[in-house]
Amino acid sequence: MSSTREQLIEAVRVIPDIDAITQEFDYLVPADWNISGESKFLEVGTIVRMRFRNRLVRGWVTEINPVHKPNLDLIPLKKISGIGPSAEVLNLAKWAANNWHGPVSKFLRTASPKSMIRARHNEKSDSKKQSEVSESTTDLSSGFLAIGREISPLGDRWPIIQETIKYGNSLILVPSVKQAELLVGRLKRMGVKSGLHGQDWLLGAQGGTIVGTRSAAFATIKELAAILIIDEHDDAYRNESAPTWNARDVALQRAKLKNIPIIFTSPILTPEVRKEIHTTHTDGKKSDSGWGNISVLNPNELIDIRQGLWPSAVIDKMKNSERSVVILNRKGRSKLLVCASCGEIVICSECNSNMSQPNEDHLTCSRNHQRPIVCSFCLSTKLKNLRIGIGRAKEELEALLQENVQEIHSSASHVNLHNARYLLGTNAALHRVDWANLIFFADYDQELYGGGYRSEEIALSNLIRAVRITNTRSRDNGQVIIQTRSQKNEFLGVIRAGKFSSWGELNEQRRKLLSLPPYGSYAEISGPGAEKYVDLIAVTEGIEVLGPLNESWLIKSNSHSHLLQTLSEVNRPKERIRIAINS
């Protein structure tokens, strides 16, 4: 028995599972645990239960026999619940909590198994070869290396997956659970020891390849050798609630800390990845040709403008299709101003997001930029508001098609796709429909100018999903139709020209010019205590405060570390606040 095994565990340091608590506390290990052998399950990351302020809570062990203990009588632990995240993942969770200014307990919850498992990280498992492909003579370089692979939406990503698992135990992130399930099944058929994150949590802890969605970025994997992120551009990797972390950034930091290679794939790599990667593999011709059949429709050019959102040519195509999907992202509140003279979308000349008119004096955007009520293209002062929700759209479509139209949105629980010929919904429909002959974005401007510096990136992500849905291998190729009034938008120019590979560089240049992430950083502060919190922020050189707009403020800085330092120096008020970093 090693000296480590024989060492008595007298105390442990624990992070309580309470979001409002940021401190770590020392607890006594009952003496009988060392005698009975119960203490052998105590290691960094172990989930325990203890008394905290007159109630029982769970927590995570962060240190065994801490060197500097308080000169107090420690409260004993109540119970060992089971195995938790590894020491590596625990440190990653601490980094994420600092990087997105959130409680570390939220990240540790994500990293922990859904049910309690009685096991240890240092237990030996029945090692199984990854696969025969792992035994190839390929020269695999060791150390951190960020690689970008630009592959068209219809390109084959399987060779890259095979290349990744050659390294050994791997972490593979995909945007959806369905994709993860299909990939795990394929890996198992070829003999790779692999599992689905969450469902096969222990498999990763004992050594194997884990496939999962956003939360899998914190998967515990023994002897992790490589990370692969498929479709790194996808918005599914971003956590919408605070802390607004992104699995792509977590995985990148993890690769740096572990000193292992990480591979990103996407039809168009994001600026965040382009800034970090060492090498990029792309084929301009192939990446531009694998986008299926995309058409851009300008309603301003229609002969009969009274057709509104439903051009007769599109209605005819829908009638001739086996299944068609109409995307109208107008669930809930939405505003979109259009110039009554030239027909262009009214956008902010500083941040390129759409503008609204809160009063009779000026226009404003989500970044609180203001200007007089005038079109930036033709200088006309006559503007009109375009707005129609999916409820009204359903009625209009049913009248035109003379058939039932099924509505799909995020809150729709039961959707029968088998007998549905016409589907109408928000972007949620793109996550629930597996195939269609035709997808019609009735108002793509709603996607492009939805607010935020990533609006075009999200619009691109939805377009990529649509291309894949209309080009399933078992059916004839379909068509994606984009209806937009914008004729001077750079992104739409890329789509019309079919030069998709050029968008990554254009987007990167714009981010640099406007000091947007990753070349700058910002935090959105909202909630009942937001005003008190913002008043305490020290506005020093490099820090800019914008707002309020809709009871929220923006704190901007060219340096992410400077922004985090500024936020950390402010005590949170008693009232609830939400801090969203680079969301």
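Anyway, here's the lowdown on the structure attached to this text. Because the structure is a prediction, the values reported are computed rather than measured.

What counts as what
- Residues numbered from 1 in each chain as written.
- Predicted model: local features only at pLDDT ≥ 70, side-chain atom pairs only at ≥ 80, totals over all residues.
- Heavy atoms only, no water.
- Buried < 20%, exposed > 50% of the residue type's maximum accessible area, 1.4 Å probe, protein only.
- Helix = DSSP H or I, 4+ residues; strand = E, 2+ residues; numbered from the N terminus.
- Arc of directions from axis to C-beta.
- Core = buried A, V, L, I, M, F, W, Y, C linked by side-chain atoms within 4.5 Å.
- Contact = heavy atoms within 4.5 Å.
- 1 Å grid on protein atoms, 1.4 Å probe; cavity = no way out; pocket = protein on both sides within 12 Å on 5 of 7 lines; lining within 4 Å.
- Points joined across faces, edges and corners; volume = space filled by probe spheres on them.
- Nonpolar A, V, L, I, M, F, W, Y, C, P; charged D, E, K, R; others polar.

**Concerning helix α5 (residues 158-165)**
Here comes step 1: Along α5, the residues that are buried comprise W158, I160, I161, T164 and I165. All buried residues of α5 lie within an arc of 160° about the axis, which places them on one face of the element.

**Examining the nonpolar core**
Generally speaking, nonpolar side chains in soluble globular proteins are found buried as a group.
Here comes step 1: L171, L173, F218, I227, I262 and F264 are the most contacted members of the largest nonpolar core, which totals 54 residues.
Here comes step 2: Sort the elements by how many residues they give to this core and helix α3 (residues 87-99) lands first, with 6 residues.
Here comes step 3: Apart from the residues within four sequence positions on either side, F264 is in contact with A146, I147, G148, R149, I229, E232, R248, L252, L269, V273 and I277.
Here comes step 4: Counting residues in hydrophobic clusters, the runner-up holds 36 residues, among them I268, A420, A436 and Y444.

**Quick notes on empty space enclosed by the protein**
Here comes step 1: Following the criterion strictly, the structure yields 2 cavities of 30 Å³ or more and no others.
Here comes step 2: One number sums up the size of the largest cavity: a volume of about 120 Å³.
Here comes step 3: If you go around the largest cavity, the residues you meet are C351, N352, G452, Y453, R454, S455, E456, E457, N507, R510, R511 and L516.
Here comes step 4: Secondary structure elements with two or more residues in the lining of the largest cavity: α15 (455-469) and α17 (503-514).
Here comes step 5: Put simply, the second largest cavity is a space of about 40 Å³.

**Remarks on the layout of surface pockets**
If a probe the size of a water molecule is rolled over the atoms, the empty space left behind becomes visible.
Here comes step 1: The computed volume of the second largest pocket comes to approximately 1400 Å³.
Here comes step 2: Lining the second largest pocket are 35 residues, with R157, K178, Q179, L182 and R468 positioned closest to its centre.
Here comes step 3: Every element with two or more residues in the lining of the second largest pocket is listed here: α5, α6 (177-189), α13 (429-432) and α15.
Here comes step 4: It is α6 that contributes the most residues to the lining of the second largest pocket, 7 residues altogether.
Here comes step 5: When its residues are assigned to classes, the lining of the second largest pocket shows 14 nonpolar, 8 polar and 13 charged.

So far we have only geometry, and geometry alone does not tell us how the molecule works.
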